[in-house]
Amino acid sequence: MQTKFRTGTAHLFIPGPTNVPADVQRAMIVPMQDHRAPDFADLLGPVLDGLKPVFGTRGGRIALFPGSGTAAWEAAITNTLCPGDKVLMARHGQFSDLWAQMAQALGLRVEAIDVAWGAPCPVTEIARRLGADRMGEIRAVFVTHNETATGVTSDVAGVRHALDSCFHDALLFVDGVSSIGSIPFEMDAWGVDLAIAGSQKGLMCPAGLGILAASPRALDAMATSTMPRSFLDLRAMLGAHDAGSFCFTPPAQLLHGLRAALARLRAEGLDAVYARHHRLATGIRAGIGALGLQTVAEHPLFASDTVTAIRTPQDVDAREVIAIARDRYNTHFGAGLGPLAGRAFRIGHLGDLNEGMCLTALGIAELSLKAAGARVDLGAGLAAAQAVFAAQPLAPALSIAAE
Ligand SMILES: *Cc1c(COP(=O)(O)O)cnc(C)c1O
């Protein structure tokens, strides 16, 4: 049998899973351990504590579920709501759409606000719907903080303000799967009741953990919730976490990886992490603009600092751009999802990333676009991104304490 191989490294620019840093990979090469032994808490405790600042919470409780972000979506719903409850949410991309479908499938009444893919969560319309809800029927508002399909970031603080200004007591659910750990997320300050993340995006780990943070109000709602739940029972998992373990066999290697990844975020400093993502995203957007291409995000004000969805010219199939990048250049871009299939491709720029990697992404995007028939000037995007990066002060070297 022949083994296929390619020279050099594969370049992964999908918006999750993201690149896992070498020290995080090494931290996961450990023998299996007894998860019922008292010292398992020495691993779990620091992970739970280390996640709190990343979620921007002191008063919230963190629960880890084997699964992915989608599992945490479901856990948020089934642990706090009741069948037939009305929930309000905007659909403006694949992920907000899928979350609405899940809510419907689980027996909630979804009041959906459909807005253009490329627009953010419509805060004014949310405020209007909340204001019109005289009977207080809406039990929860769902916000997709960073719509990974379109590269659009929404104003969660604005939605909190809308709730408060109508004195509405609906719970606030926020999907932060592609934002938490990469762009500012302030669970407590924004009054978020259930915040959702996964291990494989900004947290720089393999997929395998759905992460849920619950506010004190969410924990109160758990007492009256009548949704069926079993594997994703939050009360049971929090109890197990209090006792230093999981309700069932935990993915211990992933916890070792997550502990190492959290140490990296602490060493860099969250503000520096957010500033780096903004700087790199600004370079990517400048490059795309210089190539004469449009982003799916309708305005730079709400363009995401973790993923950019790029429209291809009318006569260029984005699937071909992606295939050329993959097959010829060993480089992976995200597909256009749903109605954007064939019309857009995505560059994920989150997690363990630097200027050189972003220039690679842009350079390969230029080559692939050209080969797919787009009239782009090779190097124009690179030069624009380089100009952005050249104008930035040099980042300090980082150091990390050995475990
Ligand atoms: C990736 C993603 C999800 C789904 O997470 P999985 O880990 O794939 O289950 C949900 N929401 C957003 C915004 C995402 O980016």
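This one's a predicted model, so the numbers in the text were calculated from it and none came from an experiment. (Residues numbered from 1 in each chain as written. Predicted model: local features only at pLDDT ≥ 70, side-chain atom pairs only at ≥ 80, totals over all residues. Heavy atoms only, no water.)

Draft legend 1. Representation of the site of the ligand in the model. Around the ligand, the neighbouring residues are Ser68, Gly69, Thr70, Trp73, Phe95, Asn146, Thr148, Asp175, Val177, Ser178, Gln200 and Lys201. Here an oxygen atom of the ligand and a side-chain polar atom of Thr148 are 2.4 Å apart. Within the side chain of Lys201, an N or O atom sits 2.7 Å from an oxygen atom of the ligand. (Near = heavy atom within 4 Å. Polar contact = N/O pair within 3.5 Å; in protein donor to acceptor, adjacent residues only side chain to side chain.)

Draft legend 2. Here's a closer look at the pattern of salt bridges. Under the counting rule described, the total for this entry stands at 19 salt bridges. The partner of Arg160 in a salt bridge is Asp164, with the nearest N and O atoms 3.0 Å apart. Here Arg160 and its partner Asp164 are both found in helix H6 (residues 156–165), four residues apart, which amounts to about one turn of the helix. Between Arg217 and Asp193 there is a salt bridge, and its shortest N-O distance comes to 3.3 Å. Of this pair, Arg217 sits in helix H7 (residues 216–224) while Asp193 sits in the loop between strand E8 (171–175) and strand E9 (194–198), placing them 24 residues apart in sequence. Given a relative accessible area of 35%, Arg217 falls into the partly exposed group. By relative accessible area, which is 3% here, Asp193 ends up buried. Each of the salt bridges in this network shares a partner with another, and the network as a whole consists of Lys86, Glu111, Glu125, Arg128 and Arg129. (Salt bridge = Lys/Arg side-chain N within 4 Å of Asp/Glu carboxyl O. Helix = DSSP H or I, 4+ residues; strand = E, 2+ residues; numbered from the N terminus. Buried < 20%, exposed > 50% of the residue type's maximum accessible area, 1.4 Å probe, protein only.)

Draft legend 3. Seen up close, the environment of Ser215. Checked against the element boundaries, Ser215 lands in the loop between strand E10 (209–214) and H7. Residues Ser215 and Leu171, spaced 44 residues apart in sequence, show a C-alpha to C-alpha distance of 9.7 Å.

Draft legend 4. Broad picture of the state of the cysteines. The full count for this structure, using the stated rule, is zero disulfides. Residue Cys121 stays outside any disulfide, its sulfur separated by 13 Å from that of Cys166, the closest cysteine. (Disulfide = S-S within 2.5 Å.)

Draft legend 5. Region of the structure containing the nonpolar core. Counting residues in hydrophobic clusters, the biggest one holds 86 residues, and the most contacted among them are Leu64, Val141 and Phe142. Sequence-distant contacts of Leu64, defined by excluding residues within four places in its chain, comprise Leu44, Val47, Leu48, Leu51, Leu209, Gly210, Ile211, Met237, His241, Phe246 and Leu255. Core analysis: the second largest hydrophobic core is formed by 29 residues, Phe333, Cys358, Ile364 and Val388 among them. (Core = buried A, V, L, I, M, F, W, Y, C linked by side-chain atoms within 4.5 Å. Contact = heavy atoms within 4.5 Å.)

Draft legend 6. How the structure looks around unusual backbone geometry. In this structure, the amide linkage connecting Gly16 to the following residue, Pro17, adopts the cis form with an omega of -5°. In this structure, Asn330 is a non-glycine residue whose phi angle is positive, near 55°. Looking at the element boundaries, Asn330 is found in the loop between helix H11 (318–329) and strand E12 (331–335). Here Asn330 falls in the buried class, since its relative accessible area comes to 12%.

Draft legend 7. Examining the side chain of Thr80 more closely. Secondary-structure assignment places Thr80 in the loop between helix H3 (69–78) and strand E3 (86–91). For Thr80, a relative accessible area of 1% corresponds to the buried category. Only 2.7 Å separates the side chain of Thr80 from the backbone oxygen of Ala76, close enough to count as a polar contact. Residue contacts for Thr80: discarding those within four places in its chain leaves Arg139, Leu171, Phe173, Leu194, Ala218, Ala221 and Ser225.

Draft legend 8. How the structure looks around the packing of helix H2 (residues 40–55) against helix H9 (residues 252–268). Running from amino to carboxyl end, H2 crosses H9 at an angle of 45°, the nearest separation of the two axes being 9 Å. The orientation of H2 relative to H9 falls into the category oblique. The two elements H2 and H9 meet at a crossing, and its hand is left-handed. For the pair H2 and H9, contact is made by Phe40, Asp42, Leu43, Leu44, Pro46, Val47, Gly50, Leu51 and Val54 and by Ala252, Leu255, His256, Leu258, Arg259, Leu262, Leu265 and Arg266, respectively. Classifying every residue of the contact of H2 with H9 gives 12 nonpolar, two polar and three charged. (Axes fitted to C-alpha atoms, helices over the stretch in contact; angles between N-to-C directions. Parallel < 35°, antiparallel > 145°, perpendicular 65-115°, else oblique. Left-handed = near helix turned anticlockwise from the far one by under 90°. Nonpolar A, V, L, I, M, F, W, Y, C, P; charged D, E, K, R; others polar.)

Draft legend 9. Structural view of the packing of helix H5 (residues 123–132) against H6. Their axes nearest at 9 Å, the elements H5 and H6 cross at an angle of 20°. For the element pair H5 / H6, the angle class is roughly parallel. H6 is crossed by H5, and the crossing has right-handed handedness. Contact residues: H5 offers Val123, Ile126, Ala127 and Leu130, while H6 offers Gly158, Val159, Ala162 and Leu163. When its residues are assigned to classes, the contact of H5 with H6 shows seven nonpolar, one polar and no charged.

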